[in-house]
Amino acid sequence: MLNDITGISKPLEKLIEEVSKSIGVLYEPTRIRRKTKAENDAELIKLEGEIERNELLKRAAHRIGHTEARRQANIDNTVASSVEHLSSSVSDLPVDPDWMSRYFEGCQDVSDESMQEVWAKVLAREISEPGHFSTLTLSILKNMTKKDAQLFERHASLAWSMDRYFFIPVDIDEAMPVSWWDRSLSHSQTLHMDTLGLLNVRDDLRAYVTVGGTFNYFDHVCYADRDSIGKMNIFSFSKVGEELMRICNRDYSDAYFEKSLEFMEKKLDVRFLSNLDEANF
């Protein structure tokens, strides 16, 4: 009957019956061919996989070699630049080895020359005065771009100091640094400095001054003629900001000095005597 239904010969029927273990016996010849092809395909895939794996390893080795060569070049350039910024005298204290490890982890991926210069100044200062820069400063500096550094320098150029703390006078009505010059800053840019951890931007920060207290802008030292009875809003620099302040490029402005001094006198209700006024010294 099988012969009648399928039209196959007796020999083939016997072959099928002998090898048959299930209803799939009718597909056995095809299955064998598929199995053989699958095994061959598997071997081919395995071989292709090995070839691809070897190619991946070669490319990975090339990439790692290229990356490490670039990193070494960045380190070499940064260290070479730091020589130019070393002070004439250095401390006998060694630099913390953990700090050095963090330093090289950071500077190895810095290829921009201007940012390498920043890292070079940091290293030179730390060699001269171990402990000057915290590892937090290294972490923040690692994530700073060239644009971030330039923006920080613009803020640093507005900084006054008082009792070794740096601050920027703020016109709270405009929520803006007092910047009467050609480099005015937007509030969003100032907030970005706060986000990076370089500046404290809050509306509850105030500055006061007492008799004999001083406000300094670059080499200008200003003395109050009495205790302040007013209040002045400020943005203060964070510890990291203060550390970077001492190695960044700041631009002095006569116009800003005069206008910001006038602003502070009005807000604090005092008169400042400048060391530039020789009649007072």
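Residues numbered from 1 in each chain as written. Predicted model: local features only at pLDDT ≥ 70, side-chain atom pairs only at ≥ 80, totals over all residues. Heavy atoms only, no water.

Here we come to the overall build of the protein chain. Regarding its fold elements, the protein chain presents 10 helices and 9 strands. Out of the 281 residues in the protein chain, the part that is buried amounts to 37%. Within the protein chain, counting contacts between residues at least 6 apart in sequence, those at least 24 apart form 74% of the total. Within the structure as shown, the protein chain displays about 17200 Å² of accessible surface, and the carbon and sulfur contribution to it stands at 53%. (Helix = DSSP H or I, 4+ residues; strand = E, 2+ residues; numbered from the N terminus. Buried < 20%, exposed > 50% of the residue type's maximum accessible area, 1.4 Å probe, protein only. Contact = heavy atoms within 4.5 Å. Areas by Shrake-Rupley, 256 points an atom, 1.4 Å probe, with all protein chains shown as cover.)

Per-chain confidence: the protein chain averages 78 in pLDDT, with 74% of residues scoring 70 or above. Of all helices and strands in the protein chain, the one with the weakest mean pLDDT is helix α2 (residues 10-19) (44), whereas helix α6 (residues 135-142) scores best (96). For residues 1-5, every residue scores under 50 in pLDDT, and the model assigns this stretch 5 contacts once sequence neighbours within four places are set aside. Confidence drops under pLDDT 50 across residues 11-35; counting only partners more than four residues distant or on other chains, this segment forms 7 contacts. (pLDDT = per-residue confidence, 0-100.)

Now for helix α8 (residues 187-196). Restricting attention to buried positions, one finds in α8 the residues Thr-190, Met-193 and Leu-196. The buried residues of α8 occupy one face: seen down the axis, they fall within an arc of 115°. Residues of α8 that are exposed and angled more than 90 degrees away from the buried face: Ser-188 and Thr-195. A positive phi of about 90° marks Gly-197, the residue just after α8. (Arc of directions from axis to C-beta.)

The next point concerns the pairing of strand β7 (residues 220-224). Here β7 shows a buried face lined by His-220, Cys-222 and Ala-224 and an unburied face lined by Val-221 and Tyr-223. Across 4 bridges, the pairing between strand β6 (residues 214-217) and β7 is antiparallel. Following the sheet pairing, Thr-214 is matched in β7 by Tyr-223. Between β6 and β7, which pair antiparallel and follow one another directly, the connecting turn spans 2 residues, one of which, Phe-218, has a positive phi of 55°. With 3 bridges joining them, β7 and strand β9 (residues 272-274) adopt antiparallel strand pairing. Along β9, the bridge assignment pairs Cys-222 with Ser-274. (Pairing = 2+ DSSP bridges.)

Now for the side chain of Ser-82. Here Ser-82 shows up in helix α3 (residues 28-82). Since its relative accessible area comes to 6%, Ser-82 is described here as buried. Those residues within four positions of Ser-82 in sequence are excluded, and the remaining contacts are Ala-120, Leu-123 and Ala-124.

Generally, phi is negative for residues other than glycine and the peptide bonds are trans, each holding for most cases. The backbone phi angle of Phe-218 is positive, close to 55°, even though this residue is not glycine. Within the element layout of this structure, Phe-218 appears in the loop between β6 and β7. Exposure remark for Phe-218: the relative accessible area of 31% places this residue in the partly exposed category. Backbone geometry at Asp-269 places phi at a positive 60°, although glycine is not the residue there. Among the secondary structure elements, Asp-269 is positioned in the loop between α10 (254-268) and β9.

Under the criterion given, the structure shown has 13 aromatic pairs. Arranged with centres 5.4 Å apart and planes meeting at 80°, the rings of Tyr-103 and Phe-104 form a pair that is edge-to-face. The partly exposed category is assigned to Phe-104, whose relative accessible area is 26%. Seen in terms of ring centroids, Phe-215 and Phe-272 are 5.3 Å apart; in terms of plane orientation they differ by 35°. Their pairing is tilted. One end of the pair, Phe-215, is in strand β6; the other, Phe-272, is in strand β9, and 57 residues separate them in sequence. Residue Phe-215 is classed as buried on the basis of its relative accessible area, which comes to 0%. (Phe/Tyr/Trp six-rings, centres within 6.5 Å; stacked < 30°, edge-to-face > 60°.)

Among the 6 residues that make up strand β8 (residues 232-237), 6 are buried, leaving the element largely enclosed by the rest of the structure. In this structure, strand β2 (residues 165-171) lies alongside β8, joined through 3 bridges in antiparallel fashion. Residue pairing in the sheet places Pro-169 in a bridge with Ile-234 of β8. Note that strand β4 (residues 199-200) and β8 share 2 bridges and pair antiparallel. Counterpart to Leu-199 in the pairing with β8 is Phe-237. The pairing of strand β5 (residues 206-207) with β8 spans 2 bridges and is antiparallel. Looking across to β8, one finds that Ala-207 is bridged to Met-232.

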